[in-house]
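Reading the structure
One-letter residues, chain by chain:
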Amino acid sequence: MGRKPLQRARKSDPEKTTAWLELLLPKLQAADLKALTMDDIAQLIGKSKSTVYEYFPSKEILLLEGVRIRLNTLTALRAMIDFKEGDIKTLYVNYITLIANVVADVSISFLEAIENDFPVIWTEILANMQGIIDDLTQLYEIGIERQDFKKVSVALLIEIDRFFVTKLINDTKLWSDEPIGLEQLIHEYLEVRLAGLAN
């Protein structure tokens, strides 16, 4: 019979762990997340495995916290935008650019690995994406009402956006022949969107 793992109290130091996770996330973009070990993680952030375990009980929790930091940044920045003030086209461009900037160092393969191997984390990402979809709905409705955007179905626009953020941006097979990163992909999507919406 093997010994049961010890249940230890975890340390909490959000400032320290946030710094670790911000350092770690860019280094994981080409990693095999499924095969990644706590030893690997400790080496990447320059800490001992026992130190990492003092703060994170598992690789999954550590990855979840790392993704949450980026999602929380995105949520905080989104909350600062007032969709009722200013030119709607400029607001739309600024909004999509903001998203692209926050995920600039996130790779398509990283997102694909999260979806395939870490369903709890992927569910949290999708929940955050719903907030973005809600914001875009508001932007489209205001743009159409002000006649800055063509009068097209908002539901159709949103379903295309939903497909983009949940299916296209994390499909490495689709982009295997093109050396395109997530940030560039979002900017190109923005250009296509603006061309179709322009009144």
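Just so we're clear, the structure is a prediction, and the values are computed from it rather than from any experiment.

Moving on: the overall build of the chain. When helices and strands are counted, the chain shows nine helices and zero strands. Start at the N end of the chain and walk to the C end: the helices and strands fall as α-α-α-α-α-α-α-α-α. The dimensions of the chain, computed from C-alpha atoms along their principal axes, are 70 × 35 × 30 Å. Within the chain, the proportion of its 199 residues that are buried is 41%. Working note: accessible area of the chain is about 11300 Å², and carbon and sulfur atoms make up 55% of it. On the chain, the mean spot of the 23 positive side-chain charges and the mean spot of the 30 negative ones are 8 Å from each other.

Let us look at helix α8 (residues 154–168). With 15 residues, α8 extends 20 Å between its outermost C-alpha atoms, agreeing within 8% with the 21 Å of an ideal straight helix rising 1.5 Å per residue. Among the residues of α8, those classed as buried are Val154, Leu157, Ile158, Asp161, Phe164, Val165 and Thr166. End-on, the buried residues of α8 take up no more than an arc of 165 degrees, which puts them together on one face. Facing away from the buried side of α8, by more than 90 degrees, are the exposed residues Ala155 and Leu156. Those residues of α8 that are buried are in contact with α7 (119–145) and α9 (182–197). Among the residues of α8, the N-terminal cap falls to Ser153, whose side-chain oxygen and the backbone nitrogen of Ala155 are separated by 3.4 Å.

Given a rise of 1.5 Å per residue, 14 residues ought to cover 20 Å, and the 20 Å separating the end C-alpha atoms of helix α1 (residues 14–27) matches this to within 8%. Turning to α1, its buried residues are Thr17, Trp20, Leu21, Leu24 and Leu25. Projected down its long axis, α1 shows its buried positions confined to an angular sector of 130 degrees, all on one face. Tucked into the core, α1 has its buried residues touching α2 (38–45), α3 (49–55), α4 (59–79) and α6 (108–117).

All right, on to the nonpolar core then. Tyr92, Ile125, Leu136 and Tyr140 are the most contacted members of the largest nonpolar core, which totals 65 residues. Considering each element in turn, this core owes the most residues, 11 residues, to α7. Once you skip the residues sitting within four places of it in the chain, Tyr92 turns out to touch Leu136, Leu139, Tyr140, Phe149, Leu190, Arg193, Leu194 and Leu197.

With respect to the helices and strands, the residue Val67 is situated in helix α4. For the pair formed by Val67 and Leu185, sequence separation is 118 residues and the distance between their alpha carbons is 20 Å. Residue contacts for Val67: discarding those within four places in its chain leaves Phe110, Ile121 and Ile125.

Moving on: the confidence of the model for the chain. Chain-level pLDDT for the chain is 89 on average; 94% of the residues reach the 70-or-more range. For residues 1–5, every residue scores under 50 in pLDDT, and the model assigns this stretch zero contacts once sequence neighbours within four places are set aside.

Here the focus is the side chain of Asn170. With respect to the secondary-structure elements, Asn170 resides in the loop between α8 and α9. In this structure the side chain of Asn170 is engaged in a polar contact, spanning 2.4 Å, whose partner is the side chain of Glu115. Residues within four places of Asn170 in sequence aside, it is in contact with Ile108, Leu111, Glu112, Glu115 and Trp122.

The next subject is the environment of Ile114. Mapped onto the fold, Ile114 is located in helix α6. Note on Ile114: relative accessible area 0%, which makes it buried. In this structure, the C-alpha to C-alpha distance between Ile114 and Leu64, residues 50 residues apart in sequence, is 9.7 Å. Among all residues touching Ile114, those that are not within four sequence positions of it are Leu33, Pro119, Ile121, Trp122 and Ile125.

Rules behind the numbers
- Residues numbered from 1 in each chain as written.
- Predicted model: local features only at pLDDT ≥ 70, side-chain atom pairs only at ≥ 80, totals over all residues.
- Heavy atoms only, no water.
- Helix = DSSP H or I, 4+ residues; strand = E, 2+ residues; numbered from the N terminus.
- Buried < 20%, exposed > 50% of the residue type's maximum accessible area, 1.4 Å probe, protein only.
- Areas by Shrake-Rupley, 256 points an atom, 1.4 Å probe, with all protein chains shown as cover.
- Lys, Arg positive; Asp, Glu negative; His and termini not counted.
- Charge placed at Lys NZ, Arg CZ, Asp CG, Glu CD.
- Expected span 1.5 Å × (residues − 1).
- Arc of directions from axis to C-beta.
- Contact = heavy atoms within 4.5 Å.
- Polar contact = N/O pair within 3.5 Å; in protein donor to acceptor, adjacent residues only side chain to side chain.
- Core = buried A, V, L, I, M, F, W, Y, C linked by side-chain atoms within 4.5 Å.
- pLDDT = per-residue confidence, 0-100.

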